[in-house]
Amino acid sequence: MQAVNYPTAGEQGGSDDDALPPPPRPVTPKPRHVNDRHPNFRGERGELYLVRCFACVPEIGRENYAFAVAGGVCVWCGWQEKTGYGD
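Summary of the structure given here. Here the structure is a predicted model, which means the values were calculated and not measured.

1. Points about the packing of aromatic side chains
No. 1: For the structure on display, the rule yields two aromatic pairs.
No. 2: Centre to centre, the rings of phenylalanine 41 and tyrosine 49 are 4.8 Å apart; their planes meet at 5°, and the pair counts as stacked.
No. 3: Look at phenylalanine 41 and you get partly exposed, because its relative accessible area is 43%.
No. 4: Cation over ring: arginine 37 sits above phenylalanine 54, and NZ or CZ is 3.9 Å from the ring centre.
No. 5: The positively charged end of arginine 62 is found above the aromatic ring belonging to tryptophan 76, 4.0 Å away from the centroid.

Listed below in structure tokens is the structure:
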């Protein structure tokens, strides 16, 4: 069996300038409100799991009570996604 040597770009007469440009970066969607950021997250149906409330403490967020995370309500300030209180 004979080995096959494929030509490189320089041997074909092409150059690195002929290379395709990198694909565009994905656009990060703009947050809906102050609490749409890490460590908060959204479930499969789009519901907000409010781990830290950034309406209470904008710089670092205030940790939410564990049983209130799935409800999307801050136990400290009463912020809810539906009402948008705190935006």
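From this point on, the discussion continues.
2. Quick word on the side chain of asparagine 64
No. 1: With respect to the secondary-structure elements, asparagine 64 resides in the segment after β4 (62-63).
No. 2: For asparagine 64, a relative accessible area of 7% corresponds to the buried category.
No. 3: Only 2.9 Å separates the side chain of asparagine 64 from the backbone oxygen of valine 73, close enough to count as a polar contact.
No. 4: Ignoring sequence-local partners within four residues, the contact set of asparagine 64 consists of Leu50, Val51, Arg52, Val69, Val73, Cys74, Val75 and Trp76.

3. Section: the pattern of salt bridges
Two side chains with opposite charge may pair up if their charged atoms get near one another.
No. 1: Under the defined criterion, the tally for this structure stands at three salt bridges.
No. 2: Arginine 42 serves as the salt-bridge partner of aspartate 36, at 3.1 Å between the closest nitrogen and oxygen.
No. 3: For aspartate 36, a relative accessible area of 22% translates into the label partly exposed.
No. 4: Here arginine 42 ties to glutamate 81 by a salt bridge, and the two come within 2.6 Å at their closest N and O atoms. Remark: glutamate 81 occurs in the segment after β4 and arginine 42 occurs in strand β1 (residues 41-42); sequence separation between them is 39 residues.
No. 5: Overlapping salt bridges, with partners in common, bring together Asp36, Arg42 and Glu81 in one network.

Basis of the calculations
Residues numbered from 1 in each chain as written. Predicted model: local features only at pLDDT ≥ 70, side-chain atom pairs only at ≥ 80, totals over all residues. Heavy atoms only, no water. Phe/Tyr/Trp six-rings, centres within 6.5 Å; stacked < 30°, edge-to-face > 60°. Buried < 20%, exposed > 50% of the residue type's maximum accessible area, 1.4 Å probe, protein only. Lys NZ or Arg CZ within 6 Å of the ring centre and 35° of its normal. Helix = DSSP H or I, 4+ residues; strand = E, 2+ residues; numbered from the N terminus. Polar contact = N/O pair within 3.5 Å; in protein donor to acceptor, adjacent residues only side chain to side chain. Contact = heavy atoms within 4.5 Å. Salt bridge = Lys/Arg side-chain N within 4 Å of Asp/Glu carboxyl O.

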